[in-house]
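Single-letter residue listing:
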Amino acid sequence: MNEAKFWEVIEKARGTALTPEEHAQRLVAQLVTTPPDDIREFDRIVGTLLARGNRGELRVAANLINDGPSDEEFLFFLGWLILQGREKFEAALKQADSIAEWIDTTDVDNYECEDLLYAAANAYETATGQDLPPSEWPKIGDTAKLLKLGTDVAKLLPKLSARWQG
């Protein structure tokens, strides 16, 4: 599985009007039907995307949207962001404030998806009866240090600030 196929799998599992958890469950069901090597590669790509998302600006966005998440909750936010698809994920990497242009604030109380982080492990175990071999996931922590203390959040993320602090 390459990254293009990864995003196809994410999109195919989406369906309509799914919660992030339901989306992750559909991913597991879809991954179970693929070769074990593809499941392992899916997990590796998730780790790579988490590393790419480990940015101060996205951490500030997550803090606004989810009311100050911990490091672990920031990972869950990135899981949710990955489930939004390649276009939205890449746009958020370039400019975190772009999330304000498409985020649906009417249906979701919490913009996180822990289940995505375990989708490959669950699929691998179901498919093979064995634990997923360990992956080289990045350590996510204190991305807030990437931003200077005293950063004006309203200037950094004006659209998101207006939606969540307005």
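Residue numbers here run from 1 along each chain, matching the order of that chain's written sequence. Where local features are concerned, this predicted model is filtered to residues with pLDDT of at least 70; where side-chain atom pairs are given and counted, the filter is 80 or more; whole-chain, interface and lining totals use all residues. The side-chain quantities take in all heavy atoms of the structure and omit both hydrogens and water.

J.: Hey, could you run me through the nonpolar core in this one?
T.: Nonpolar side chains tend toward joint burial in soluble globular proteins. Ranked by size, the top nonpolar core spans 49 residues in total, and within it F6, F42 and I99 carry the most contacts. Each helix corresponds to a stretch of at least 4 residues labelled H or I by DSSP, and each strand to a stretch of at least 2 residues labelled E; elements are numbered beginning at the N terminus. Only α1 (3-14), α2 (20-31), α3 (36-53), α4 (56-66), α5 (71-83), α6 (86-94) and α7 (114-128) provide two or more residues apiece to this core. Of all the elements, α5 adds the most residues to this core, at nine residues. In this analysis, two residues are considered to be in contact whenever any of their non-hydrogen atoms come within 4.5 Å of each other. For F6, the contacting residues outside a window of four places in its chain are M1, F42, I45, V46, L49 and I82. Among buried residues, the Ala, Val, Leu, Ile, Met, Phe, Trp, Tyr and Cys ones that are joined through side-chain atoms within 4.5 Å form a nonpolar core. Three exposure classes are used, based on accessible area relative to the maximum for each residue type with a 1.4 Å probe and protein chains only: buried under 20%, partly exposed in between, and exposed over 50%.

J.: What am I meant to see in α6 here?
T.: Because the α-helix completes a turn every 3.6 residues, residues three or four places apart line up on one side. Buried residues of α6: F89, E90, A92 and L93, and no others. Down the axis of α6, the sector holding all buried residues measures 160 degrees, keeping them to one side. Facing away from the buried side of α6, by more than 90 degrees, are the exposed residues E87 and K94. Buried residues along α6 sit against α1, α3, α4 and α5. The directions from the helix axis to the C-beta atoms form the arc being described.

J.: What's the story with the packing of α3 against α5 in this structure? I'm lost.
T.: Two quantities define a packed helix pair, namely the angle between the helix axes and the distance between the axes. Inter-axis angles, ranging from 0 to 180 degrees, are taken between N-to-C directions of lines fitted to C-alpha atoms, where helices are fitted over the stretch in contact. Contact pair α3 / α5: the axes reach a minimum separation of 10 Å and the direction vectors enclose 110 degrees. It follows that α3 is roughly perpendicular to α5 by the angle criterion. For the crossing formed where α3 meets α5, the hand is right-handed. Two secondary-structure elements touch here, α3 through V46, L49, L50 and G53 and α5 through F74, L75, L78, G79 and I82. Under this grouping Gly is polar, as are all residues other than the nonpolar Ala, Val, Leu, Ile, Met, Phe, Trp, Tyr, Cys and Pro and the charged Asp, Glu, Lys and Arg. In terms of residue class, the contact of α3 with α5 is made up of seven nonpolar, two polar and no charged. For this classification, under 35 degrees means roughly parallel, over 145 means roughly antiparallel, 65 to 115 means roughly perpendicular, and everything else is oblique. Note on convention: near helix rotated counterclockwise from far helix by under a right angle means a left-handed crossing. Clockwise means right-handed.

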